[in-house]
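# Examination of the molecular architecture
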Amino acid sequence: MSGSLEGRSVRLELIRVNNLPLPSERIPAGFYVAINVDSKRRWKSAVRVVSSDKYQVLGDIVILSLHEAPEFSLEIRVSYELGQILGNGEVVAKFESSWDGLLDCGDEPFDISFPSIRGDRSSLTLKAAVICPCDNQDSALLDSMVESEIARETDAGHERFATYVTSKTVSYLNDAVRHFQSVLDQCPVGHPDRAGALTNLAWARLEGYIRKDLQDIGSVTSLFREALALCPQGHPNHPLYLYHLTEALNWRHDYQHTTADICESAQLYYELLPLCPEGTYLRSIAAGANGVNYVIRECNNLPIDASDEGIHIRRVILELCPLSNEYRPEALNNLGWALRSRFEQCGSIDDLDESIQRGREAVSLCSEGHSERYIYVNNFATSLWMRFNHQGNCHDLNEAISLLEAALRLCPDGHNNRDLPLHNLGFAFFTRFNQCSDVNDLNKAISLLREALTLRPPGHPYRDYTLHNLALALQSRYDKSDISEDLNEAIDLHRDSLQLTPHDHPYRHRALYSLSSVLCFRFEQTQENEDVEEAIRLCQESLEALPSLHPDRYSSYLWLQEAYLARYRVHRESADLSLAVENFRLASQHPTDGLPDRILTAWSWIVAAEQHSHPSALEAYTTFFELLDRHLATRSSAISRREAAAAFHHARSAPVDAGSCAIWYNNLRHAVELVEQGRGQQWSLASRLRTPLEDLESTNSDIAHKFSELSKRVADAQGSAVSTDGAAADSAAIQYRRITTQWQAVVAEIRNIKGFSRFLLPPLYEDLQAAARYGPVIILIASQFSCGAIIVPMSGEPLHVPLLSITLTDLTTLKDRFARAIRQSSRMKPGESRKDLIVLLRTVWEEIILPIVKVLEHVLELKHQSRIWLCPTAAFTSIPLHAAHPFQTRPDRSKEPCLEDLYICSYTPTLSALIRSRQMMKKRVRPSFVAIGQGQPRAGKSKELLAVDSEIELVRKLVPETINRTTISGDAATRAGALQGLEENTWVHLACHGKQDREQPYNSHFVMKDEPITLLDIMEKDIPRAEFAFLSACHTAVGDEDTPDEVIHLAAGLQFSGFKSVIGTLWEVDDAVAKHVVKAFYENLFEDLEDGDEIDCTKAAWALNRATHSVKMKVPLEQRMVFIHVGV
């Protein structure tokens, strides 16, 4: 040191470390800078967390007396603990110099460089200045370098370990282990440095294990676990110690392929990453290729595990993969696959829904050229196909086929895995054939499966699947075309598949019951007992292999039933029929299988029970209706519910057939209940969300409020259209199901309240009889088994009126003849005789209505001009029963009375609809009347109705001035304006075009100036205080010809929305003559109305009856018949 510096001090400003040198084998907790003053003292900076940046910012200022520190000696050390350091850490950089050399740089920052480590150059940027003692700046606080035995042993261990890392000499490792073990021995349980001592020893041993110089990895993980336990969450060393344990687990997995280790490591990373702030060195390592990405890659390569633990770890892996992570698509795919596998075992639709969500995202994140895209597409499609099988939504199946076609294009000829999309696409086509019966789909399926089989030669791990599915397709073609070669080949393929499926194979049961099914086919052809005996034995074996709630037990029950029934058909042993019925029962009630399958099984049960006169038929019908109701309730829109119901088109006659069956067993009460349960299910489902709650509110207001709020949420979650966005549709469906699950839970809670055990359950006869409080209800049943009527009287037991002279075929012919006669009459002049129509109405009188009238008059002794309600079913819904007429003259020249001469006729879609309307009559308000007319719709919408404006004006004049009345017509009669009028008024007269949509009855509508008012628009309105609507429009009270028992038409929609009494029309209305009926109707309705009297919607049926009588000379027969009354 030069003489000029004598007695001076130096001020050092430590700015930053550039490219901090770090140990290559171990992540430090922090680092610090030390300046040695002499052999016993030094200055130390604070320990700082290592950042991931190139520069480690310091900002320390140190003042040293040059007298006390004759030379400049600086070290950078890393510590393996934060807070209290065990020892002095490991030296990673060292610099020594005279002060003269250091102070040559003046006041400017300068760098001092350290020796190169692994080719990396490191330096320290600082400023140095000489100051006088009089500057009154405090000298640096110095630490004593007197060390404890623990510190010396620790430092010696670090030094030996560092030498081992660079020299690879095992003796240095042994020395390091010995030093670290000595430290640990001096840190018993409870010692503050024990965690650090454990970690140092564990790390040295781990490095020896990695380099295969040591073998005992078990003790390493135990040491790391103990250290971690001593540093729980919140401790500054907790994140680093988590990382240490993951490293030990990862290396053991790398060497020993231990699944448990890599899964635990994933769980630890899930905990670790949120604890590592961005910008820290630990974060950069943990989130890097050899950190979490290694764990993700290894876990993605694990076999799919459908256990709860397996799915949990898949979720953890997905959480470790943000959107930008390259491994996210694979993690999504694997989670989706695992969820689908669990669904196959447990049948939870939530698993399958999530599987589809994950698969959809995986495909969306995977570029078109990605080598694994075909796998993701295939797995996603498989989940969609599986959901179709469980829930029957055709959108799922069609999307699956489109995806599989795309996957096949990604695997051209020569692709190693072309067999996968070939096989799955083939089976998807086979599934669609089973749904739609298009033989082209079946032929495509067989062709694709044969090609897949050639790519899965003997020895291929999935050959058994293709053999099995090809056999199923050939079996179906045999059933369709009766080609014996297909049946024989199917049996051979099934046997080959079973032979390739070992006893512990998870899908062996499918091979068993599938072989059973084809043997049943052959038994029915050859009647060889060996086949049916083997079939029964195979199904029993498949059941023994499955736990009680496994979804595939359904198929075992189904095919066991088929075997017993086949044997019964040949040998006529009643025990076989009983066993078949028991397996029908087990299959249809198996809780983990999809509802569509179980509904079809219940229908097959019905068919078999009816065919063989088995007394379980009524139970089968009840099961069918309950399952169908549950299935439709899962759909979130009216249109999707109708589509779901349409899938069971072959069972459309179930309500009337059930009624006929109950009549056969002389159980009329049950007949009424079954017909009611099976008809109008769309309205029944929708009305549950608008159930009057007065009784419940008085018993338990809290649960009533809860039910009301959830009903509103369910209603709000319903949509009228199917979304074309698959992800959005899935999300909406899942949300809807979650809300309905909550709603169902509240319903179950309500049923536990005394007096509410049957809340929202299908009503019993005692409940339904309330519909007949003001007059009998006549249910007309048109079944393939019998036709007849059940009269529900105001009190007492129901009465059966057999219609022995008419059959369902006769009714079908009759309704077609009526349609032709109405069309013909509409082209005739008013004065011309409607001979064909008269003949038909006379037939209706004689064959249908007269037997009923005789019971009304002579058994019930019902007074003439009393109210009666007609509730037609099936073909009866298309016949104008109210207009039945004998058209005969008595000997005294008086005319024989017709039905409307004898009684005031109304219709009701169902008994429940009538009861509901009566219940809502309690909530009456001051009436207001709106007349809505639209005779001039927008060009191209419909032809002009010239009489509408005059009709609206006529109605306005006929409504008493004491009633608040408004008119909406012309340009004001828009969709929005008319809907507002419907909502704001209790009485409505609507004159416009009415259009029936035969393809989609929910799109039936009233034509307005701009856009139509559809049936769906009306259904969405809840107008509980509405009372009466006159629909002076065409086709407003006629439903869909294909599903007549759903009673989906505009008049029913208005009744559902709140109108208790509705006048509707059965066919086209001639607006030029309709005004005569309208005038007569309102004149009768409002006659004798005095100031202060309230208008009464319950008089509407009587007023219509009087009106049609009074206009006989002005209005042709078909235009008088066209108007009917629905409701109270």
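The rules we used
Residues numbered from 1 in each chain as written. Predicted model: local features only at pLDDT ≥ 70, side-chain atom pairs only at ≥ 80, totals over all residues. Heavy atoms only, no water. Patch = residues over 30% accessible without salt bridge, like charges linked within 9 Å, V, L, I, M, F, W, Y side chains within 5 Å. Areas by Shrake-Rupley, 256 points an atom, 1.4 Å probe, with all protein chains shown as cover. Salt bridge = Lys/Arg side-chain N within 4 Å of Asp/Glu carboxyl O. Lys, Arg positive; Asp, Glu negative; His and termini not counted. Charge placed at Lys NZ, Arg CZ, Asp CG, Glu CD. Helix = DSSP H or I, 4+ residues; strand = E, 2+ residues; numbered from the N terminus. Buried < 20%, exposed > 50% of the residue type's maximum accessible area, 1.4 Å probe, protein only. Pairing = 2+ DSSP bridges. Expected span 1.5 Å × (residues − 1). Contact = heavy atoms within 4.5 Å. Core = buried A, V, L, I, M, F, W, Y, C linked by side-chain atoms within 4.5 Å. pLDDT = per-residue confidence, 0-100. Axes fitted to C-alpha atoms, helices over the stretch in contact; angles between N-to-C directions. Parallel < 35°, antiparallel > 145°, perpendicular 65-115°, else oblique. Left-handed = near helix turned anticlockwise from the far one by under 90°.

A few words now on a positive patch on the surface. Together, Arg817, Arg820, Arg823 and Arg827 make up a positively charged patch on the protein surface. Structurally, the position occupied by arginine 823 is in helix α33 (residues 808-826). Arginine 823 gets classed as partly exposed once you look at its relative accessible area, which sits at 46%.

Bridge count between strand β1 (residues 9-18) and strand β9 (residues 120-131): 9 bridges; the pairing is antiparallel. Across the sheet, residue asparagine 18 finds its bridge partner in β9, namely serine 123. As defined by bridge partners, β1 adjoins strand β5 (residues 55-65) across 9 bridges and the pair is classed as antiparallel. Its bridge partner lying in β5, leucine 12 is registered against valine 62.

Strand pairs in the sheet, formed through backbone hydrogen bonds, run parallel or antiparallel to each other. With respect to topology, 3 strands assemble into an open sheet ordered β19-β20-β21, the strand pairing being antiparallel. Two strands lie at the open edges of the sheet, namely β19 (994-995) and β21 (1013-1014), each paired on one side alone. Two elements, strand β20 (residues 1005-1006) and β21, share 2 bridges in a ladder whose sense is antiparallel. By the bridge assignment, phenylalanine 1006 is partnered in β21 with isoleucine 1013.

When the terminal C-alpha atoms of helix α12 (residues 349-365) are compared, their 25 Å separation across 17 residues agrees well with the 24 Å that a helix rising 1.5 Å per residue should span. Looking at α12, one finds that the buried residues are Ile349, Asp351, Leu352, Asp353, Glu354, Ser355, Ile356, Gly359, Arg360, Ala362 and Val363. In this structure, the buried residues of α12 make contact with α10 (308-319), α11 (328-346), α13 (373-391), α14 (394-409) and α31 (726-751).

Looking now at the pattern of salt bridges. Going through the model one piece at a time under the given rule, you end up with 49 salt bridges. Note that aspartate 531 and arginine 522 form a salt bridge whose closest N and O atoms lie 2.8 Å from each other. Residue classification places aspartate 531 among the buried positions, given a relative accessible area of 7%. For glutamate 983, the salt bridge identified is with lysine 1021, shortest N-O distance 3.4 Å. Here glutamate 983, found in helix α38 (residues 975-984), pairs with lysine 1021, found in the loop between α39 (1015-1019) and β22 (1028-1032); they are 38 residues apart in sequence, far enough to count as distant. Linked by salt bridges that have partners in common, Asp353, Arg360, Arg387, Asp396, Glu399, Asp730 and Arg737 make up one network.

Turning our eyes to something else, we now look at the nonpolar core. Counting residues in hydrophobic clusters, the biggest one holds 240 residues, and the most contacted among them are Phe624, Ile848, Leu881, Phe1006, Phe1081 and Tyr1082. It is helix α34 (residues 835-858) that contributes the most residues to this core, 11 residues altogether. Apart from the residues lying within four places of it in its own chain, the contact partners of phenylalanine 624 are Ile599, Ala602, Trp603, Ile606, Ala651 and Ala654. Residues Val62, Leu86, Leu242 and Ile262 belong to the second largest nonpolar core, which totals 104 residues.

A separate point is the side chain of serine 355. Relative to the helices and strands, serine 355 is located in helix α12. When neighbours within four sequence positions are excluded, serine 355 is seen to be in contact with Gly336, Leu339, Arg340 and Ser383.

On to the confidence of the model for the protein chain, then. With 97% of its residues at a pLDDT of 70 or more, the protein chain shows a mean pLDDT of 89. Mean pLDDT values over the elements of the protein chain span from 66, in strand β10 (residues 143-144), up to 97, in strand β13 (residues 799-802).

Right, let's get into the packing of helix α21 (residues 553-571) against helix α22 (residues 574-588). One can describe the packing of α21 onto α22 by two numbers: an axis separation of 8 Å at closest approach and a directional angle of 160°. Accordingly, the angle class assigned to the pair α21 and α22 is roughly antiparallel. As α21 packs across α22, the resulting crossing turns out to be left-handed. Residues Tyr554, Tyr557, Leu558, Leu560, Gln561, Tyr564, Leu565, Arg567 and Tyr568 of α21 form the contact with α22, whose participating residues are Ser574, Asp576, Leu577, Leu579, Ala580, Asn583, Phe584, Leu586 and Ala587.

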